[in-house]
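Notes for the structure review
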Amino acid sequence: MNSTVVTGANGLLGSAICKHNETFIPHNRNCSDLKNYNQTLNWVMEKNPNTIIHCAAKVGGVYINSTNNLNFYFENNTINRNMLDIAIELKIPNFISILSTCIFPNKANYPLTAEQIDNGDPHSTNSGYAYSKRLLYHETKYIAKLMNLNWFSIIPTNLYGINDNFNLTSSHIIPGLIHKAYLAKKNNTEFVIWGDGTPVRQFLYIDDFAKIIDWSLKNWNSTQPLMAVNEIPYSIKDVANIIANIVGINKNKIIFDESKPKGQMSKEAKSDIDWFEFTPLEVGLEKTIKWFFDNYEIARK
């Protein structure tokens, strides 16, 4: 059967992929527990796909990662191994593993390229998650070569957009800042950002990445990971100022708490799709902020 299963379909990426292509079959926690091999095998067998887009992962920001590295490693490795073994058992011809720039070494040469993945340890704040994703990359590549299958990985830069996780403890940079800005505006309090605002990131709007994944299924023919990167860099201070401007927070209420960790200084990467017309950060942020403010009561937070 020519169908596509998307794991993590309730999350930021999975929901965007399924919205972009309504024929795709979403998998979420109600379908099966991805940590349970037999339960998930039976569910996938019933759907009989020829493609799996594996987005599901235990994810989080600097604080939750840095205090739970072992848990992030074990849980993600279990999920990934189960999905790979199920796909092998069912001889799924097409498999996409979604990775992250955090898999790169802390001390890397910029811009990041796929050849540098194993050139050192990842940043200590999210090493558990990073090593589980490195293993996923290598296992996907080995299986593709051994079984002559169309299996490959994609490495996006920092994703953001509608239906993100806006939890103040476990969120990534942009959703966390948006939630903080919402509360600062509502309560007329300071907009406090961890660190000094100097780390630099590249951001990719989630609807753009959904389109890139759709393109890759038809066009990417390499076991090397596809680097899906909007190469325009922004400092955390830049992002905070843009969010404050959209929300209507006075700049004198923006406070950088340098007693808190600021994360890796840079994750700037080289793109394999520089031809793509990316959504400008300001436009993506406006859409995301409007959605969050309009859906505050039901948003993941």
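In what follows, the structure referred to is the one given above.
The following refers to the structure shown. The structure displayed is predicted, hence computed values, not measured ones.

A separate point is the overall build of the chain. Tallying secondary structure elements over the chain gives 9 helices and 11 strands in all. Computed over C-alpha atoms, the radius of gyration of the chain comes to 19 Å, within 12% of the 19 Å expected from 2.2 N^0.38 for 301 residues, which places it in the range of a compact globule. Principal axes of the C-alpha set define a box for the chain whose edges measure 60 × 40 × 40 Å. Looking at the 301 residues of the chain, the share that counts as buried comes to 55%. Taking all contacts inside the chain whose residues are at least 6 apart in sequence as the whole, residues at least 24 apart take part in 79%. For the chain, the separation between the mean place of its 29 positive charges and that of its 28 negative charges on side chains is 4 Å.

Within strand β5 (residues 150–156), 6 of the 7 residues are buried, leaving the element largely enclosed by the surrounding structure. As paired elements, strand β4 (residues 94–98) and β5 share 5 bridges and run parallel to each other. Looking at β5, one finds that Asn94 is bridged to Asn150. Each parallel crossover has a hand, and for β4 linked through helix α5 (residues 127–147) to β5 it is right-handed. Relative to strand β9 (residues 226–228), β5 runs parallel, the two sharing 3 bridges. Looking at the pairing, Ile154 lines up with Leu226 of β9.

Of the two faces of strand β3 (residues 51–54), the one lined by Thr51 and Ile53 and the one lined by Ile52 and His54 are each fully buried. In this structure, strand β1 (residues 4–7) lies alongside β3, joined through 4 bridges in parallel fashion. Each residue of the ladder has a partner; that of Thr7, found in β3, is His54. When β3 meets β4, the two strands line up parallel, connected through 4 bridges. What sits directly across from Ile53, in β4, is Ile96.

Scoring rules and cut-offs
- Residues numbered from 1 in each chain as written.
- Predicted model: local features only at pLDDT ≥ 70, side-chain atom pairs only at ≥ 80, totals over all residues.
- Heavy atoms only, no water.
- Helix = DSSP H or I, 4+ residues; strand = E, 2+ residues; numbered from the N terminus.
- Rg over C-alpha atoms; globule rule 2.2 N^0.38 Å.
- Buried < 20%, exposed > 50% of the residue type's maximum accessible area, 1.4 Å probe, protein only.
- Contact = heavy atoms within 4.5 Å.
- Lys, Arg positive; Asp, Glu negative; His and termini not counted.
- Charge placed at Lys NZ, Arg CZ, Asp CG, Glu CD.
- Pairing = 2+ DSSP bridges.
- Right-handed = clockwise from strand over helix to strand, strands pointing away.

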